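Structure assessment
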Amino acid sequence: MNLTVNGVATSVESAPLTSLLDVLREELGITSPKAGCEQGGCGACTVLVDGEARRSCLTPVAAVDGAAITTVEGLGSPEHLAPIQQAFTHHYAAQCGFCTSGMMMAAQAYLDDGGNDDHEAIQDALGGHVCRCTGYVKIIDAVAAAARGESFDLSVTAAGTSMTNLGGVS
Amino acid sequence: MAVKTGRGFAAIEYPTGMNQNGDPSQAWIKVKPDGRIDVFAGTSDIGNGSKTIQSQIVAETIGVPYEWITYDNSNTDSSPVCTGTFASRATFVAGKAAEKAAENVRQKILEIAGKELEIDPADLEIIDGEVIAKGAPQKKISVPDVAAAATWTYGELITGTGAQLKPFATIVEPATGKVDLPPHSAISYASCSAEVEVDDETGVVTVKRLWQCYDVGKSINPTLVEGQIEGGAVQGLGLGVLENCYPYYPSVEHRGSSFGSYLAPGMEDLPQIDTIIIENPSADGPYGAKGIGEMANNAQPPAIASAVFDAVGVWVTELPITPERVLRALQAKAEPARDGKTVVFDAALSVNTVSTGITFGAAA
Amino acid sequence: MKAVGARVPRYDGVAHVTGHTMFVDDLKIPGALWAKAFRSPVHNAGMSNLDTSKAEAMPGVHVITWNDVPLLEYGHLSALGIPADEPLLAKDEVRYLGQPIAIVAAPSEEAAMAAVAAITADFDERPALFDVRKAFDADAPQIHAEGNWYRHFEDEMDRRQIRKGNIDEAFDKADLIVQGVYRPAAIEHAPIETQVCQVVPEANGRLTIYSCTQALYFSMGVVAAHLQLPLNKLKVVGGTVGGGFGGKVDTATETLCALLAQKSGKPVRWRWTREEEFLCSSTRAPWHMEIADAVTKDGWILGRKMLTLHDSGAYARFSPYGLTKHSFHHTGAYSIPNLEFDGYVVYTNRTPTTAMRGFGVTSVSFATETHMSRIALELGIDPYELRLKNANRVGDTSPNQIAYTDPSTVPTILAIADAVGHDLTPEYKAMTPGPRSGALLPEHLVGQLGNPEDH
């Protein structure tokens, strides 16, 4: 089988029913999509297949023969971060980082589809992704900021919108 | 047949460090020939951001930019002991060890700078990577130059080590629990008000809003503190209304085996979260910090339980507060048993009802 | 200050968003074998005729059982006096569904699953115990070597006990006694990264353990103890964890993979499935708590009686530690001078419970705070004012008689009252956490004051 992975034409040796996740991680060494559950329940394996967000753990590679696959590695690099990567960095949307790749790919698909900064629309698009660390607040803030086309100062992280510091109070 | 609103409140406290102490953390630091700083510590970063926090503490304590710090917690050959990332100890205990190591490094840098500048190290300070004479800023030498001098003039390796260990607090009277020392490194405090909507037809409890106040001693990194608070709020919500390994506890039947059958909170469960931080410094923590990591998920469940009562007049004291439990409570309309000056709630759940081997209560 | 207090970006932030952060399973080790577990299918049973021969006959398969473990039982908190009670692999009995009995390593995941399927054993089922309240019944099945609850607190006491002041007097003097029951559930840590490790046997006889542990040295100590090795024979590599919340301290995979790496001479990789994570990993403990508070009609909490049953699951693990911490905080944020607390670590035939975010105190906060709200309603007193009045102040003492030096309960309560628009009288709004005096120092609190200078 053949895939184009992050712009590179790649031939695949794995058996046809191998999950796209395993093809990416085990055969091709692309480790950004994670095996969070392999049940389709957490979203950590999400990649783009011809631009559409798909759970690679549930996708047999034969089903996507010939498709263009995009993973985080194809979004941007440390030297050239894509807007969604900048947004996640500036808004502290990643704590342990394990759900981050899948979350960003789904967010990228949402943005590519013209998604706006409405929090409910973002929750609708990303609601099937489980994050255990962040409580989702800053993930939603990050996606909304990216949707607004903001530019990000990566030397600092954004203050939460409903936090007050009273300093020393006795 | 209505959605009722209710509010509930909880005020909590939580210890920093392992209970009874005796949990060491250590750090060691070396300075590269160009003044960049390498920190070795054994603290796992589980997402809480301990790599970041300890780097900030080291940078601040030595007096160099944060970007000069390299932090290595990767393995037990190069990193010294850290008991572990739990008990809300990563900032306080492990961070304190890093601070101590950094202070040692700072002293050595000042010593060598003192030799180079021919000034008493006590009259020098380090600001932003430069060693400067107090009150005479034109007399200075950069930390990179100090490091170079150490390496190629004096033949010295600039290092610092730090270890933090609060002595073990022994229970000196097992019959009473009396201890000989404070059994914690610090105590943190928090309060929470929860606003819920309860649909009295379906029993569904929706947490609409959480107001929380945390005393963190010192926000070493305010954004990371917010991250702990927000993440903790959602885990507390999960504990309060959604999650249960054993839906028919104590039976082990129907244990969920996927994210479809085990209800971890999702984005749709997110309430509005408003947070206030206060900073009453701890006596011994790095820069006055206290722990925050665990406490963040403790106040929500009781605040929610009280809010549910406020909304629909029933107490559900078994967690999670599921729609089924709310509906059964509404059906039962159980009143506490009143006998003289004693009022007894939840009698059906008590050992006094269920057990033949143990009792509890005012009469026990 | 420049760095402290600043919103500097995460040290590993860019790595997280570019897929560069290396988690344990992202490391590709050529030739690594896949590990899988043969686990107990029953809750409580004698086990005999464990037969791994068919699995061992499969090409490239290695199997370990209890017989391969140099030290089969090691108490992870034996340094705290909690004796070992749990075999690394089951020997002649199983006490919870999912308990590991044998671990295989095979050249592929499929081969490992086939090897597990080829292992057999006979199980002689016994009555199981699931309800901690029934553990004390005379006719309860005895499900642990030492009975149904832990018996090794100091002085070999079978409970964690807190006593302070004169509880009978408090209950005598009270205007009202309020009693209730609180039962928070077992929940999963459910980090997005499941339990995982890879172990490489090095040419010089060392074992390199790539681990998701939250505690590099703690886990190293556990492996060293089971394998009877000095610490320099092990190198634990990690420190970057995909979420833990207390569930990655148990060292669930490292020792077993280390044994397989030694036995096979090959690297061994074990990544738990999400199903395994949900059904077999240790959980937050369920707790059963009963509180009876002696209160005055003007809102003083004179005394507290409390019974806690801590559902430890099949083995003790960290439960005695968690119960002790729970007991030290059973008065919550308040100064209650007369106390009678009894807590038990109770065994049941479920997955052993472990630490999770707030271990021991999450449960007690739920119980005591819900209880305070009930007291406020029974007395007709504002729930904030009830708490402010009884809140810890400088010089008040804890359940175990340590004086508080800097409690912040009062300011956090006032801050929330202000934020939500909850009206308080001027007297309450002006409260501080300073030492008690005047109306805030009733007679019954005088005796419990301590000296914050002592610490």
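For the structure, check the block above.
Description of the structure in this document. Remember, predicted model here, so these are calculated numbers, not experimental data. (Residues numbered from 1 in each chain as written. Chains lettered and ligands numbered in written order. Predicted model: local features only at pLDDT ≥ 70, side-chain atom pairs only at ≥ 80, totals over all residues. Heavy atoms only, no water.)

1. Considerations on the pattern of salt bridges
Under the definition given, this model contains 56 salt bridges over all chains. Two residues, Arg7(B) and Glu195(B), come together in a salt bridge whose shortest N-O distance is 3.0 Å. Taken together, the positions of Arg7(B) in strand β1 (residues 3-16) and Glu195(B) in strand β11 (residues 186-199) put the pair 188 residues apart, joining distant regions of the chain. Here Arg7(B) falls in the partly exposed class, since its relative accessible area comes to 34%. Accessibility expressed as a relative area gives 19% for Glu195(B), which makes it buried. Between Arg126(C) and Glu93(C) there is a salt bridge, with the nearest N and O atoms lying 2.8 Å from each other. Taken as a pair, Arg126(C) in the loop between β6 (120-125) and β7 (160-164) and Glu93(C) in strand β4 (residues 93-94) lie far apart in primary sequence, 33 residues in all. Salt bridges here are not isolated pairs; linked through shared partners, they connect Arg25(A), Glu26(A), Lys34(A), Glu38(A), Asp25(C), Asp26(C), Lys28(C), Arg269(C) and Arg271(C). (Salt bridge = Lys/Arg side-chain N within 4 Å of Asp/Glu carboxyl O. Helix = DSSP H or I, 4+ residues; strand = E, 2+ residues; numbered from the N terminus. Buried < 20%, exposed > 50% of the residue type's maximum accessible area, 1.4 Å probe, protein only.)

2. Quick notes on the pairing of strand β12 (residues 268-271) of chain C
All names here are of chain C. Both faces of β12 are covered, namely the face carrying Val268 and Trp270 and the face carrying Arg269 and Arg271. By the bridge criterion, two bridges tie strand β1 (residues 33-39) to β12 in an arrangement that is parallel. Residue Leu33 lies in a different strand from β12, and its bridge partner there is Val268. (Pairing = 2+ DSSP bridges.)

3. Side note on the interface of chain B and chain C
Facing the 134 residues of chain B at the interface are 130 residues of chain C. Summing both sides of the interface, chain B and chain C together bury roughly 11,100 Å²; the carbon and sulfur share of this comes to 58%. The three residues of chain B that bury the most area against chain C are Phe9(B), Lys341(B) and Phe360(B), which together make up 7% of that side's buried surface. One can count ten salt bridges joining chain B with chain C. A salt bridge links Glu318(B) to Arg183(C); the shortest N-O distance between them is 2.9 Å. Class assignment for the residues of the side of chain B that touches chain C results in 64 nonpolar, 51 polar and 19 charged. Where strand β15 (residues 342-344) of chain B lies against strand β8 (residues 176-182) of chain C, three bridges are found, and the strand directions are parallel. Bridging across to β8(C), Val344(B) finds its partner in Gln179(C). (Contact = heavy atoms within 4.5 Å. Buried area = accessible area lost by both parts, 1.4 Å probe. Nonpolar A, V, L, I, M, F, W, Y, C, P; charged D, E, K, R; others polar.)

4. Some points on the environment of Arg183(C)
Checked against the element boundaries, Arg183(C) lands in the loop between β8 and β9 (196-201). Judged by its relative accessible area of 4%, Arg183(C) is buried. Distance from Arg183(C) to Leu309(C), taken between C-alpha atoms, is 9.8 Å for residues 126 residues apart in sequence. Look past the residues within four positions of Arg183(C) in its chain and what remains in contact with it is Tyr249(B), Pro250(B), Thr317(B), Glu318(B), Leu319(B), Leu349(B), Arg133(C), Trp287(C), His288(C) and Phe366(C).

5. A look at the nonpolar core
Soluble globular proteins: nonpolar side chains tend toward being buried together. Ranked by size, the top nonpolar core spans 193 residues in total, and within it Phe88(A) and Ile321(B) carry the most contacts. Residues within four places of Ile321(B) in sequence aside, it is in contact with Val205(B), Gly240(B), Val241(B), Ile304(B), Ala305(B), Val308(B), Val316(B) and Val326(B). If you look at the next biggest cluster of nonpolar residues, it comprises 39 residues, including Val31(B), Val58(B), Leu124(B) and Ala3(C). (Core = buried A, V, L, I, M, F, W, Y, C linked by side-chain atoms within 4.5 Å.)

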